[in-house]
Each structure stands twice: as structure tokens, then as C-alpha cells.
Amino acid sequence: MADHVTTLLRVEAFAPERSWTVEEIAEANGLNRNQARMFRRIRGLDRIHLDPDLDLFDLLAAPAEMILRSVPDPGRIRYLIYAHTFPDLTPSYVFAADRLRERLGLSEADAFAVTHQMCASNLAALDVAGELLRADGDSTAQALVITGEKPFTGLVRYMLNVSVTGEGSAACLLGIDGPGSRILSYAARTAGEFADGFRMTVERQREFDDTYNVYLWEMIEEALRRADLDISDIAMVVPHNVNRTLWLRLCAKVGLDRNKVFLDNISRYSHTYCSDPFLNLATMRDRNLLVPGERYLLTSVGVGATYAAMVLEY
């Protein structure tokens, strides 16, 4: 563990008020009744939040503005990192991180994106932020990590028999050795054999499905090892929200108590790309489910395929 620990000073999340049932989304995407029933009864999905009239930057700015309203000196925010799943979210002449920096009035911050680990770019961005802040050597400097995107085609809105994606965004304010939740460890692995992502062959997709929980559990164990902890030391797993089936299978495979995985938001929001673990963390905080001094394990998996885990002491 590093001498100077990255601290999560605050996290906020946002989802559009407009929502649809999984059956309505399935019908709009040309899926049949049986597929919709599978998503509800087996995958655990219920509602998907989407607002076609909401601009991308309105979506992204919402949680960040919640944080900035309570920041005494926004000039301390040295880095603005936009973590997103798909590399291209705007026209080629629009640099999303720069546009977001302007929107938030953080003119002095260095703004850039982290994206090539797909949905696991979220935890990577927190790790990058911490490394940059430590390298600066300024104990007052901060970083703002923002996640969120809009599913813009059917290919990214519907993951074949796996999940249906919705809109959600989150913002994380980070510092070094500050009065916040301490990031104790981070572990990630990229399995390049699955680099074709959504365009994998049927055989490669089957291999991806068969090894999904194996590789994810390996990273969970590695993050625990780096924090000098065991899974029994974790109060709750704060997961990515792809679907309920994947988590129940993992729990059964490794003997993890399913009640120690926060699954409530899978039915409420479905999968919101990089925002999932932060949306879950904010929900848990709002429900008073986070206990000071307890350790929580965040996870994320990005198609392509990157498996990541992070241990947080609240």
C-alpha cells in the first residue's frame, strides 16, 4: 500500500427521471416477448433510465455540479478525468473532456479521458488520479473523475442475452491523505484474447462467458491480497450492474454470501457502463448502509476484456 493513500472525498451520482420497463425497451429494439421475459425473470432487470432529450454534457455535469457546490476552492482541482466505455461519444471535432472542463468552470485543471478498458475504465481512472496527485506532491491538490454516457446505437444498448443498458452518471472527488474513504488497493487484468468485444465469434463468446467469473474472482483476490485482507474482511461488494445472474453464479462458485453483494440497483437502473459501482456506492450511502471503518470492494468488467477490483475503507 502506498505511503500517501488516495482518498475518495465525495461521490455523487445521477440518473434521468424518465424511465422505461425492460419490456418497453425490448420491444423498441426488436426483441421478442421471451427475450424480455428472460431479462426480467432471470437477469433481474426491471427499469431502464433514458432521456433522449437530455444532452450528454447535461448528464455528465449533474453529479459534478453537486460536488462543486460544496468545494471551498475549485482551483484545487488539478485534474478532470472523464472515464467512459466507448472511445467515440462525440463528433471528432468535440473533445468531451475539454468541453466538460469548460462547462464546470475548471479552467486551470488538466482534462483528459480514460477509456480503453471499456467499463473498467472507471476504477482505472481513480488509480490514475491517485498516481498523478502523489506525483505532484501537493497535499491540497484534488482530482475529479466523471463517468457517464448515452447509449447511441442498438449495438451498445442491448447486449445479446446479457443486459440492457441505461443512462447514469457519477462524479468522484479525490485527494491524498484527506478526510475521506481510503483506497487501499487496486488490481486489473486485461485478457486480450477477447479484444473483439461485441464482435467476438460465437466460440470466443462462449469462452468469454466460461472464464468471466474465473478472471473476475482472480482480480478480487488480488485486490484483497494487496490490501492484506480476506473476503471475510469485506462488509459488502459494490458491483457493476450487468445482471443478477452473473453475480449469483459467482457467489455459488466461490461460496460468497449473496447478501454481501449489493444487487438492488440492477433492477432499478440496469447497466450504466462506467457509472455502476459509483451509483451503487452513492445509493448505499443514502440508505445509511456504509459504516465508517468498514471495507468495501468495488468491481467492474470491461468488454475486451478487462477485469478490475478495488478495496475501499469508508
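Our structure is the block above this text.
Residues numbered from 1 in each chain as written. Predicted model: local features only at pLDDT ≥ 70, side-chain atom pairs only at ≥ 80, totals over all residues. Heavy atoms only, no water.

Enquirer: Give a description of the environment of Val 162 that names residues and reports values.
Expert: In this fold, Val 162 is placed in the loop between strand E7 (158-159) and strand E8 (163-164). Put simply, Val 162 and Arg 43 are 119 residues apart on the chain and 7.4 Å apart in space, counted from C-alpha to C-alpha. If sequence neighbours within four positions are ignored, Val 162 has contacts with Phe 39, Arg 43, Val 242 and Asn 243. (Helix = DSSP H or I, 4+ residues; strand = E, 2+ residues; numbered from the N terminus. Contact = heavy atoms within 4.5 Å.)

Enquirer: Provide a residue-level description of the pattern of salt bridges, including the pertinent values.
Expert: Within this structure, the stated rule accounts for 21 salt bridges. For Glu 167, the salt bridge goes to Lys 150, with nearest N and O atoms at 2.9 Å. You can see Glu 167 sitting in the loop between E8 and strand E9 (169-176) and its partner Lys 150 sitting in the loop between strand E6 (142-148) and helix H6 (154-157), a full 17 residues away along the chain. With relative accessibility at 18%, the residue Lys 150 sits in the buried group. A salt bridge links Arg 226 to Glu 222; the nearest nitrogen and oxygen atoms lie 2.7 Å apart. Note that Arg 226 and Glu 222 are positioned in helix H7 (residues 202-226) at a spacing of 4 residues, about one turn of the helix. Relative accessible area serves as the criterion here: at 43%, Arg 226 is assigned to the partly exposed category. Look at the salt bridges and you will find they share partners, linking Arg 10, Glu 12, Arg 285 and Asp 286 into a network. (Salt bridge = Lys/Arg side-chain N within 4 Å of Asp/Glu carboxyl O. Buried < 20%, exposed > 50% of the residue type's maximum accessible area, 1.4 Å probe, protein only.)

Enquirer: Pulling in residues and values, what's your account of the pairing of strand E10 (residues 181-190)?
Expert: Taken together, the 2 bridges between strand E1 (residues 6-14) and E10 define a ladder with antiparallel strand orientation. Counted as the bridge partner of Thr 7 is Arg 182 from E10. In this sheet, strand E13 (residues 306-313) lies alongside E10 in antiparallel orientation, the contact comprising 8 bridges. Residue pairing in the sheet places Thr 190 in a bridge with Thr 306 of E13. (Pairing = 2+ DSSP bridges.)

Enquirer: Can you break down helix H8 (residues 244-254) residue by residue, with the values?
Expert: When we look at burial in H8, the residues that qualify are Thr 245, Leu 246, Trp 247, Leu 250 and Cys 251. On the buried face of H8, the contacting elements are H7, strand E11 (234-238), helix H9 (264-269) and strand E12 (295-302). Where H8 begins, the capping side chain belongs to Asn 243, and its oxygen is found 3.0 Å from the backbone nitrogen of Thr 245. Downstream of H8 by one or two residues, Gly 255 has phi in the positive range, about 75 degrees. (Polar contact = N/O pair within 3.5 Å; in protein donor to acceptor, adjacent residues only side chain to side chain.)

Enquirer: Account for unusual backbone geometry, naming residues and giving values.
Expert: Peptide bonds are trans in most cases, and residues, glycine excluded, mostly fall at negative phi. Cis geometry is adopted by the peptide bond preceding Ala 305, which originates at Gly 304 and carries an omega value of 0 degrees. Structurally, Ala 305 is set in the loop between E12 and E13. At Asn 288, a position not held by glycine, the phi torsion is positive, near 60 degrees. Within the secondary structure layout, Asn 288 lies in the loop between helix H10 (276-286) and E12. Overall, Asn 288 belongs to the exposed group, its relative accessible area being 67%.

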